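# A structural walkthrough
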Amino acid sequence: MNKDLHHKSLKPVRITAMRQTVYSDLMSQYENPIDHACDISMGQSFVAIDAQRPDGLCPSAWESMRPFVEALARGEGNFYDGWMKNPHSAMISCNDGFRPVSFYLETLTSN
């Protein structure tokens, strides 16, 4: 774990798969056929504890969202000067250029 992240007040961050887009034309033109590409179901949620990748979340998708999850876990937000309605959230897509999944990240607060 990044030593700058290691302190006791990290917040959990919920990661929810919101939408997947599939570019069939790009796949047929550029991608070698594959049997299995993605295990994520739309609506599926994960919770990142201590800014760590949750079990079952695609490692490649994690690399796309990790900096945002780490910032949200530290209590930061308001990315890009007000990009999101909820300043403690972000909408991040995985880096699959053929079938990207958009994930909604949000800081969870304790009750």
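The structure contained in this document is the topic of the report that follows. (Residues numbered from 1 in each chain as written. Predicted model: local features only at pLDDT ≥ 70, side-chain atom pairs only at ≥ 80, totals over all residues. Heavy atoms only, no water.)

## Describing the sheet that holds strand β2 (residues 45-48)
How we decide: Whether two strands pair depends on DSSP finding at least two bridges between them. A run of DSSP states H or I qualifies as a helix once it reaches four residues; a run of E qualifies as a strand once it reaches two. Both are numbered from the N-terminal end. With axes taken as lines fitted to C-alpha atoms, and helix axes fitted only over the stretch in contact, angles between N-to-C directions fall between 0 and 180 degrees. We call two residues in contact whenever any of their non-hydrogen atoms come within 4.5 Å of each other.
Spatial ordering of the open sheet is given by β2-β1-β4-β3, a layout of 4 strands whose pairing is antiparallel. What marks the edges here is a single partner per strand, and that holds for β2 and β3 (89-93). Neighbouring strand axes in the sheet, compared pairwise and without regard to direction, differ in orientation by 25° on average. Where β3 and strand β4 (residues 101-107) come together, 5 bridges link them in antiparallel fashion. Along β4, the bridge assignment pairs Met91 with Tyr104. Helix α2 (residues 59-73) rests against β1 (13-20), β2, β3 and β4 of the sheet, and its axis sits at about 15° to β4.

## A word on α2
The α-helix advances 3.6 residues per turn, and as a result positions three or four apart in sequence lie on the same side. Definition in use: In a helix, the anticipated span is given by 1.5 Å times the number of residues less one. Using a 1.4 Å probe on the protein chains alone, a residue whose accessible area is under 20% of its type maximum counts as buried, one over 50% counts as exposed, and one in between counts as partly exposed.
Taking 1.5 Å per residue as the helical rise, α2 with its 15 residues ought to reach 21 Å, whereas the 18 Å between its terminal C-alpha atoms falls clearly short. Taken together, the buried positions of α2 are occupied by Ala61, Trp62, Ser64, Met65, Phe68, Val69, Glu70, Ala71, Leu72 and Ala73. On its buried side, α2 packs onto β1, β2, β3 and β4.

## Here we look at the pairing of β2
Of the two faces of β2, the one lined by Phe46 and Ala48 is fully buried and the one lined by Ser45 and Val47 carries no buried residue. With 4 bridges connecting them, β1 and β2 associate as antiparallel partners. Note on β2: the bridge partner recorded for Arg14 is Val47.

## Some remarks on a nonpolar patch on the surface
Which entries qualify depends on this criterion: Patch definition: residues above 30% relative accessible area lacking any salt bridge, with like charges linked at up to 9 Å and the nonpolar side chains Val, Leu, Ile, Met, Phe, Trp and Tyr linked at up to 5 Å. We get accessible surface area from the Shrake-Rupley algorithm with a probe of 1.4 Å; when it comes to residues, only the shown protein chains can shield them. We count a salt bridge whenever a side-chain nitrogen from Lys or Arg sits within 4 Å of a carboxyl oxygen from Asp or Glu.
On the surface, Met18, Tyr80, Trp83 and Met91 cluster together into a nonpolar patch covering about 440 Å² of accessible area. With respect to the helices and strands, the residue Tyr80 is situated in the loop between α2 and β3.

## Section: the side chain of Glu31
What counts, and what does not: Polar contact is the term for a pair of N or O atoms within 3.5 Å; when the atoms are in protein, one must be able to donate a hydrogen and the other to accept it, and sequence-neighboring residues count only if both atoms are side-chain atoms.
Inspection of the secondary structure assignment puts Glu31 in the loop between α1 (24-30) and β2. Accessibility expressed as a relative area gives 19% for Glu31, which makes it buried. Here the side chain of Glu31 touches Arg99 through a polar contact of 2.7 Å, side chain to side chain. Contact partners of Glu31, with chain neighbours within four places excluded, come to Leu26, Phe98 and Arg99.

## Comments concerning the nonpolar core
Nonpolar side chains in soluble globular proteins tend to be buried together. Test applied: Here, nonpolar core means buried Ala, Val, Leu, Ile, Met, Phe, Trp, Tyr and Cys residues that are tied together by side-chain atoms lying within 4.5 Å of each other.
In this structure, Ile15, Leu57, Met65, Val69, Phe103 and Leu105 are the most contacted members of the largest nonpolar core, which totals 24 residues. Counting residues per element, the ones that place at least two in this core are β1, β2, α2, β3 and β4. Ranked by residue count, the leading element in this core is α2, at 8 residues. Once residues lying within four places of it in the same chain are set aside, the contact partners of Met65 are Ile15, Leu57, Ile92, Phe103 and Leu105.

## Observations concerning the environment of Ser64
Position of Ser64 among the secondary structure elements: in helix α2. Ser64 sits 26 residues away from Ala90 along the chain, and the two C-alpha atoms are 12 Å apart. Ser64 has contacts with Ile92, Ser93, Cys94 and Asn95, leaving out every residue within four places of it along the chain.

Worth remembering: the numbers are spatial, not functional.
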